[in-house]
Amino acid sequence: MSASEESQTGDLGNIPTPQPQLQTTSSAHDSAEAQSCLDPRGDLCLEIGLHPAKSFRVCSRTVARASPFFDKLLYGDFKESKKLCPQNGNLGWAVKLPEDDPTVMELLLSICHGQFDVVARYNKGLNVKSLYDISIVTDKYDMAHVLQPWARDWLQSTLSSNNPKSSEYLRGKLCHERLWISWALGDRSEFQEIAKIMLLKSCTLRSHPNYLRYAEVLEPPEIYGQFDHQHPSSHV
């Protein structure tokens, strides 16, 4: 979520997103792992995920324009930057991103390179878990804006089909994922709605099935501190 989008969801603080562990290689990616060529003239190889990894041949400038993180990584003073990597005609510049999901990265990189046919796969059958996985990566690399043409429809179709009001428990309708998704993709109305539901339905007792926090899902910065302050039990 970009700084402008963050401001739309309230004063949530300026907590920086943890940076991924990145690795480089000085040789071309010549293994049998799957490779996708998003730019025939691409000068960079991104190796995504593990067991198996998937390699994407991309234009470094295109990726840098789409992501402030990658702009600094590829053209700044990091060891992965272009000026510190070997330059030859065999795509010697490569960056490994072992912690990222190849499927999600393929979506984002394809959009950046103008290959929108891959988006059609997500227009039907997108569920909360898939949208959550996408929002993790867009927040990590500050790339939510590349989804702007589709994000609203995805949010409406996905989140409306999982109405949290119909469930007794917060986990029953993935409320924690919904809260993160709406924050990361900048849906202010959905964020306010799900935050209100969680505040009213939650319990501050850790042993309760409706305990407010859920460690397996990312949290919008400082939001649970605000919940604790505003929770009805704190005013008893």
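Predicted, not measured: the structure shown is a model, and the values here were computed from it.

A. Layout of the pairing of strand β4 (residues 54–58). Relative to β4, strand β2 (residues 35–37) runs parallel, the two sharing 3 bridges. Its bridge partner being in β4, Ser-36 is matched across the sheet by Phe-56. Sheet topology places strand β3 (residues 44–48) next to β4; 5 bridges connect them, and they run antiparallel. In the sheet register, Cys-45 faces β4, and the bridge partner there is Arg-57. Linkage of β3 to β4, two consecutive antiparallel strands, is achieved through a turn of 5 residues, within which Gly-49 is found at a positive phi near 80°.

B. Representation of the environment of Phe-69 within the structure. With respect to the secondary-structure elements, Phe-69 resides in helix α3 (residues 68–75). Residue class for Phe-69 comes out buried when judged on its relative accessible area of 16%. Here the alpha-carbon distance between Phe-69 and Lys-140, two residues 71 residues apart in the chain, equals 8.4 Å.

C. Summary view of unusual backbone geometry. Here the bond from His-51 into Pro-52 is cis, since omega is 0°, no more than 30 degrees from zero. Tracing the sequence through the fold places Pro-52 in the loop between β3 and β4. The phi dihedral of His-51 is positive, around 50°, even though this residue is not glycine. Judged by relative accessible area, which is 78%, His-51 ranks as exposed. A positive phi angle is found at Leu-174, which is not glycine, with a value near 55°. For Leu-174, the position within the fold is in the loop between α6 (148–160) and α7 (175–184).

D. A look at the environment of Val-146. Within the secondary structure, Val-146 is located in the loop between α5 (128–140) and α6. When the C-alpha positions of Val-146 and Leu-108 are compared, they lie 7.4 Å apart, and in sequence the two are 38 residues distant. Filtering out sequence-adjacent residues up to four positions away, Val-146 remains in contact with Ala-66, Leu-108, Ile-111 and Cys-112.

E. Region of the structure containing the packing of aromatic side chains. For the structure on display, the rule yields 7 aromatic pairs. The interplanar angle of 45° and the centroid separation of 5.0 Å between the aromatic rings of Trp-180 and Trp-183 together place this pair among those described as tilted. With a gap of 3 residues between them, Trp-180 and Trp-183 both fall in helix α7, about one helical turn apart. Residue class for Trp-183 comes out buried when judged on its relative accessible area of 4%. Taken together through their ring pairs, the aromatic side chains of Phe-69, Phe-70 and Tyr-141 make up a single cluster. Stacked on the ring of Tyr-214, the Lys or Arg Arg-171 has its end atom at 3.9 Å from the ring centre.

F. Geometry of the pairing of β3. Burial within β3 is extensive, with 5 of its 5 residues counted as buried. Here β3 shows no split at all, with Leu-44, Leu-46 and Ile-48 on one side and Cys-45 and Glu-47 on the other all buried. Two elements, β3 and strand β5 (residues 94–97), share 4 bridges in a ladder whose sense is parallel. Across the sheet, the residue bridging to Glu-47 is Lys-96, located in β5.

Conventions used here
- Residues numbered from 1 in each chain as written.
- Predicted model: local features only at pLDDT ≥ 70, side-chain atom pairs only at ≥ 80, totals over all residues.
- Heavy atoms only, no water.
- Pairing = 2+ DSSP bridges.
- Helix = DSSP H or I, 4+ residues; strand = E, 2+ residues; numbered from the N terminus.
- Buried < 20%, exposed > 50% of the residue type's maximum accessible area, 1.4 Å probe, protein only.
- Contact = heavy atoms within 4.5 Å.
- Phe/Tyr/Trp six-rings, centres within 6.5 Å; stacked < 30°, edge-to-face > 60°.
- Lys NZ or Arg CZ within 6 Å of the ring centre and 35° of its normal.

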